[in-house]
Amino acid sequence: MNPERIEVEFHKKTTLYDHRCNYCGFILDESTGGYLYLQNNMGERIPLRDHGEREIIAQMLRAEEESLSDFNAVDASQSALIDLMEERVGYLTSCVCIDCLEQFGLDLRKDNIECPHCKSENVRTLLEMTDKRCPKCKSGHLSRF
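Overview of the structure. All residue numbers here refer to positions counted from 1 along the written sequence of the relevant chain. Per-residue local features of the predicted model are confined to residues with pLDDT of at least 70, and side-chain atom pairs are confined, for both listing and counting, to 80 or more; whole-chain, interface and lining totals are unaffected and use all residues. Computation of side-chain values: all heavy atoms of the structure, hydrogens and water removed.

### Considerations on the pattern of salt bridges
Any carboxyl oxygen of Asp or Glu that lies within 4 Å of a side-chain nitrogen of Lys or Arg is treated as forming a salt bridge with it. All chains considered together, the criterion is met by two salt bridges. A salt bridge links Glu30 to Arg144; its shortest N-O distance comes to 3.7 Å. Linking Glu30 in the loop between strand S2 (27–28) and strand S3 (35–39) with Arg144 in strand S8 (residues 142–144), this pair joins segments that are 114 residues apart in sequence. A relative accessible area of 49% places Arg144 in the partly exposed class. Put simply, Asp111 and Arg45 hold a salt bridge, and the shortest N to O gap is 2.7 Å. One end of the pair, Asp111, is in the loop between strand S6 (103–106) and strand S7 (123–125); the other, Arg45, is in strand S4 (residues 45–48), and 66 residues separate them in sequence. For every residue, the accessible area (1.4 Å probe, protein chains only) is compared with the maximum for its type, and the residue is labelled buried under 20%, exposed over 50%, or partly exposed between those bounds. By relative accessible area, which is 31% here, Arg45 ends up partly exposed. Numbered from the N terminus, helices here are DSSP runs of H or I no shorter than four residues, and strands are runs of E no shorter than two.

As structure tokens, this is what we get:
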């Protein structure tokens, strides 16, 4: 198969869409999530939204591996790298707060499932909101566009 065609098809299948209410026009924006991130040493989450994601992660792990070179056992350093990767690499999912309508990204495996703005636990992912009643007007339905 043609590698360029495979990449185009992959891009089409993974392109983000927004969700819009068919009544009031309220938009749920998928750009707040749906991508990998890398947490740096200061705890900041750096979005990995382009095709260089693997290279960025590899560079980070290579730098960490060099700092772990004091370990005598290879198994210990490999285990430490896996732990580091699980700690530093995550996936932000697009979410919306049903109470205040704020939109944000959460790592569903690591973060508390609550709105960072109003602290409500009434949070849904955009995927959960597809074809559901609009949280703003409560009359229309959300669909992808």
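### A look at the pairing of S4
In terms of strand pairing, S3 meets S4 through four bridges, oriented antiparallel. Bridged to Leu38 within S4 is Ile46. Pairs of strands are assigned from DSSP output, requiring at least two bridges between the strands. Between S3 and S4, which pair antiparallel one after the other, the connecting turn spans five residues, and Gly43 there sits at a positive phi close to 85 degrees.

### Regarding the nonpolar core
Ranked by size, the top nonpolar core spans nine residues in total: Cys21, Phe26, Leu28, Val96, Ile98, Leu126, Met129, Cys134 and Leu142. Excluding residues within four positions of it along the chain, Phe26 makes contact with His19, Arg20, Cys21, Leu101, Gln103, Cys134, Pro135, Lys136 and Leu142. Side-chain atoms within 4.5 Å link the members of a nonpolar core, which is a set of buried Ala, Val, Leu, Ile, Met, Phe, Trp, Tyr and Cys residues. Cys97, Phe104, Leu106 and Cys115 belong to the second largest nonpolar core, which has six residues in total. Contacts are residue-level and defined by heavy atoms, with any inter-residue pair within 4.5 Å sufficient.

### Some words on unusual backbone geometry
One can expect most non-glycine residues to show negative phi and most peptide bonds to be in trans. Although it is not a glycine, Lys119 sits at a positive phi angle of roughly 70 degrees. Secondary-structure assignment places Lys119 in the loop between S6 and S7. A positive phi is found at Asp131, a non-glycine position, where the angle reads about 65 degrees. The topology assignment puts Asp131 in the loop between helix H4 (126–129) and S8. Take Asp131: its relative accessible area is 55%, and that puts it in the exposed class.

### Overview of the pairing of S6
Residues of S6 alternate between two faces, with Phe104 and Leu106 buried on one and Gln103 and Gly105 left unburied on the opposite face. Bridge count between strand S5 (residues 89–97) and S6: four bridges; the pairing is antiparallel. When the sheet's bridge partners are listed, Ser94 is paired in S6 with Gly105. In this structure, the hairpin formed by S5 and S6 is closed by a connection of five residues, where Leu101 is found at a positive phi of approximately 70 degrees.

### Comments concerning the environment of Asp131
Linking Asp131 and Arg144, residues 13 residues apart in sequence, is a C-alpha distance of 8.3 Å. For Asp131, the residues in contact, after removing those within four places along its chain, are His141, Leu142 and Ser143.

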